[in-house]
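Structural overview
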Amino acid sequence: MDTVFIAGSIAISRLHPLVEARIRNAVEKGLHIVVGDADGADASIQACLHSAGATDVTVYCSGDRPRNNLSDWPTHNVYPDCAPGTRAFFTAKDVEMALAAHYGLMVWDSKSTGTLSNVLELLRGGKKSVVFVNKSKEFVSVSDVVGLETLIGHMSDHARGKAEDKIRLKAKISALSNEQFALSI
């Protein structure tokens, strides 16, 4: 059975009906769903899953207890070797979800480096993401560097600069390009 990693920007607290339809479709297809425990998109995704009657869901959290688990789904606790409450502490669960998933469905505000990192992590594992760009109300498929560059094209210069500072975006794209080039030889 396939597993889908569904996540999004913490700044997004309401899901667009197109995203809700994709989530309901995943539930109807019987896909296993992994979701985080944060406020914002994670909590909204959980609410949508709950209303769709989803039962095959695992909530990932860093530490002992999830911040949100709306249907008392099983949890997967991650215990990172970093200070609780830090970015690295919460990112550790996202990395594990990307490893567990076959593909991703992301809801992005065109600036969140956390959501962008999830897409990068999935892509690094050779996995496709479908990203709903909230400001343009469209889905972007990311299965290679070309798709990633299309996605990044939705970012403002300021957001791109912040992504460079926080996650070294150019270096990650370059590494992915080199990997994909090596595979094509």
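Residues numbered from 1 in each chain as written. Predicted model: local features only at pLDDT ≥ 70, side-chain atom pairs only at ≥ 80, totals over all residues. Heavy atoms only, no water.

Let's talk about the packing of aromatic side chains
In total, this model carries two aromatic pairs according to the counting rule given. Ring plane angle 80 degrees and centroid distance 5.1 Å describe the contact between F89 and F90, whose orientation is recorded as edge-to-face. With a relative accessible area of 25%, F90 lands in the partly exposed category. Between R22 and the ring centre of F139, over which it is positioned, the NZ or CZ distance is 4.0 Å. (Phe/Tyr/Trp six-rings, centres within 6.5 Å; stacked < 30°, edge-to-face > 60°. Buried < 20%, exposed > 50% of the residue type's maximum accessible area, 1.4 Å probe, protein only. Lys NZ or Arg CZ within 6 Å of the ring centre and 35° of its normal.)

Quick notes on unusual backbone geometry
The phi dihedral of S110 is positive, around 70 degrees, even though this residue is not glycine. Looking at where S110 falls in the secondary structure, it is placed in the loop between strand 5 (103-108) and helix 4 (113-124). By relative accessible area, S110 is classed as buried at 3%. Although it is not a glycine, K137 adopts a positive phi angle of roughly 55 degrees. Take K137: its relative accessible area is 42%, and that puts it in the partly exposed class. (Helix = DSSP H or I, 4+ residues; strand = E, 2+ residues; numbered from the N terminus.)

Re helix 2 (residues 41-51)
Counting buried residues along helix 2, eight of its eleven residues qualify, which places the element largely inside the surrounding structure. Residues of helix 2 that are buried: A41, D42, A43, S44, I45, Q46, C48 and L49. Among the structural elements, strand 1 (3-8), helix 1 (17-28), strand 2 (32-35) and strand 3 (57-62) are those in contact with the buried residues of helix 2. Positive backbone phi, at 75 degrees, marks G53, one or two positions downstream of helix 2. (Contact = heavy atoms within 4.5 Å.)

Examining the sheet that holds strand 4 (residues 75-78)
Strands sit in the order 4-3-2-1-5-6-7 across an open sheet of seven strands; the sheet is mixed. The sheet terminates laterally at strand 4 and strand 7 (138-142), the two strands that pair on one side only. When strand polarity is set aside, the average angle formed by the axes of neighbouring strands in this sheet is 20 degrees. For strand 2 and strand 3, the ladder comprises three bridges, and the chain directions are parallel. From the neighbouring strand, I33 faces strand 3, where its bridge partner is V57. (Pairing = 2+ DSSP bridges. Axes fitted to C-alpha atoms, helices over the stretch in contact; angles between N-to-C directions.)

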